[in-house]
Amino acid sequence: MRHLLLALLLCTGLAHAELPETDWLDLMPPEDRKALEEMPEISHDSPEGDSTFYSEGGLRQQDQDLPAVMYSTKTVPELDGQAIRLGGYPVPLENDEKGNSTLFFLVPYPGACIHVPPPPPNQLVLVRYPKGIPLDDIYAPLWVSGELKVEKVSNDLADAAYAMEAGEVRLVTDEDLY
């Protein structure tokens, strides 16, 4: 009985522990990571006022001169169905009646979809979070935990190669940085 109680306490403690962080590059197959590393520098200095951020196709790659890796939808099949924790920045898509974001893209760097070029589809994750979270600042980083799915998502704004049913979404705090 004592061993059963101890096992139960350990499992309960582990259930509340945060998952280890998944790196964005882990969402790319090895050949895409290699191509990204060998890619020439891309300018990200277009002014926000010139952005097509929320216009149709605003997050899709528009520049035909970019290397193929910038359009890649190749995924890592082993990640399908895995519970992960991913840090990134939100691009809100839908809100609930309280104004909390329930559907958003998670991107790897701040302003990723305001400046040209946006990340490739395999670096965009559509996050479904029915509980909702207030997103007052798209430059405020988030931790998103949940089950990652290899799922091609296409809407008026972007194409993504992954989606996640989030169990938890929270702002990154100062304590997370130490």
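What counts, and where the lines are drawn
Residues numbered from 1 in each chain as written. Predicted model: local features only at pLDDT ≥ 70, side-chain atom pairs only at ≥ 80, totals over all residues. Heavy atoms only, no water. Pairing = 2+ DSSP bridges. Helix = DSSP H or I, 4+ residues; strand = E, 2+ residues; numbered from the N terminus. Salt bridge = Lys/Arg side-chain N within 4 Å of Asp/Glu carboxyl O. Buried < 20%, exposed > 50% of the residue type's maximum accessible area, 1.4 Å probe, protein only. Contact = heavy atoms within 4.5 Å. Core = buried A, V, L, I, M, F, W, Y, C linked by side-chain atoms within 4.5 Å. Phe/Tyr/Trp six-rings, centres within 6.5 Å; stacked < 30°, edge-to-face > 60°. Lys NZ or Arg CZ within 6 Å of the ring centre and 35° of its normal. pLDDT = per-residue confidence, 0-100.

Under an unreviewed UniProt entry, the name given to the chain is DUF3299 domain-containing protein, and the source organism is Ectopseudomonas alcaliphila.

Explain the pairing of strand β5 (residues 142-154) to me, please; I cannot follow it from the model alone.
It is a general feature of regular strands that their side chains alternate between the two faces of the sheet. As defined by bridge partners, strand β2 (residues 83-95) adjoins β5 across six bridges and the pair is classed as antiparallel. Residue pairing across strands places Gly-88 opposite Leu-142, the latter belonging to β5. Sheet analysis places β5 next to strand β6 (residues 159-171), joined by 11 bridges and oriented antiparallel. Following the sheet pairing, Gly-146 is matched in β6 by Ala-166. Two successive antiparallel strands, β5 and β6, enclose a turn made up of four residues.

For this particular structure, what's the right way to read the pattern of salt bridges?
Between side chains of opposite charge, a pair can form when the charged atoms approach closely. Evaluated as defined, the whole model comprises nine salt bridges. Note that Glu-38 and Lys-34 form a salt bridge whose closest N and O atoms lie 2.4 Å from each other. Judged by its relative accessible area of 56%, Glu-38 is exposed. With its nearest N and O atoms 3.0 Å apart, the salt bridge here joins Glu-165 to Arg-128.

For this particular structure, what's the right way to read the pairing of β2?
Strand direction decides the pairing type here: strand β1 (residues 21-22) and β2, joined by two bridges, are parallel. Across the sheet, residue Thr-22 finds its bridge partner in β2, namely Leu-86. For β2 and strand β3 (residues 101-107), the ladder comprises six bridges, and the chain directions are antiparallel. Bridge pairing in β3 links Glu-94 to Leu-103.

Looking at this structure, how should I read the environment of Leu-27?
With respect to the secondary-structure elements, Leu-27 resides in the loop between β1 and α2 (30-37). Spatially, the C-alpha atom of Leu-27 lies 8.9 Å from that of Lys-74, the residues being 47 residues apart in sequence. Apart from residues no more than four positions distant in its own chain, Leu-27 is found in contact with Lys-74, Thr-75, Val-76, Leu-79, Leu-86, Asn-122, Gln-123, Val-125, Leu-148 and Tyr-162.

For this particular structure, what's the right way to read the nonpolar core?
Inside soluble globular proteins, nonpolar side chains tend to come together where they are buried. In this structure, Leu-106, Val-125 and Val-144 are the most contacted members of the largest nonpolar core, which totals 21 residues. Those elements that place two or more of their residues in this core are β2, β3, β4 (125-133), β5 and β6. If you tally residues by element for this core, the top one is β6, at five residues. Every residue in contact with Val-125, bar those within four places of it in the chain, is listed here: Trp-24, Leu-27, Leu-86, Phe-104, Phe-105, Leu-106, Leu-148, Tyr-162, Ala-163 and Met-164. Ranked by size, the runner-up nonpolar core spans 12 residues in total, among them Val-91, Leu-124, Leu-126 and Val-153.

Just to check I follow, could you spell out the packing of aromatic side chains for this structure?
Given two aromatic rings, one states the distance between the centres and the angle between the planes to describe the pair. Scanning the entire structure with this criterion turns up zero aromatic pairs. Taking NZ or CZ as reference, Arg-85 lies 3.9 Å from the ring centre of Trp-143, over its face.

Explain the confidence of the model for the chain here, please?
Where the model shows low pLDDT, its predicted coordinates should not be examined in detail. Confidence in the prediction for the chain averages 83 pLDDT; 75% of positions are at 70 or higher. Within the chain, helix α1 (residues 2-16) has the poorest average pLDDT of any element, 39, and β4 the best, 98. With pLDDT under 50 throughout, residues 1-15 is counted as low confidence; its partners more than four residues away or in other chains account for zero contacts.

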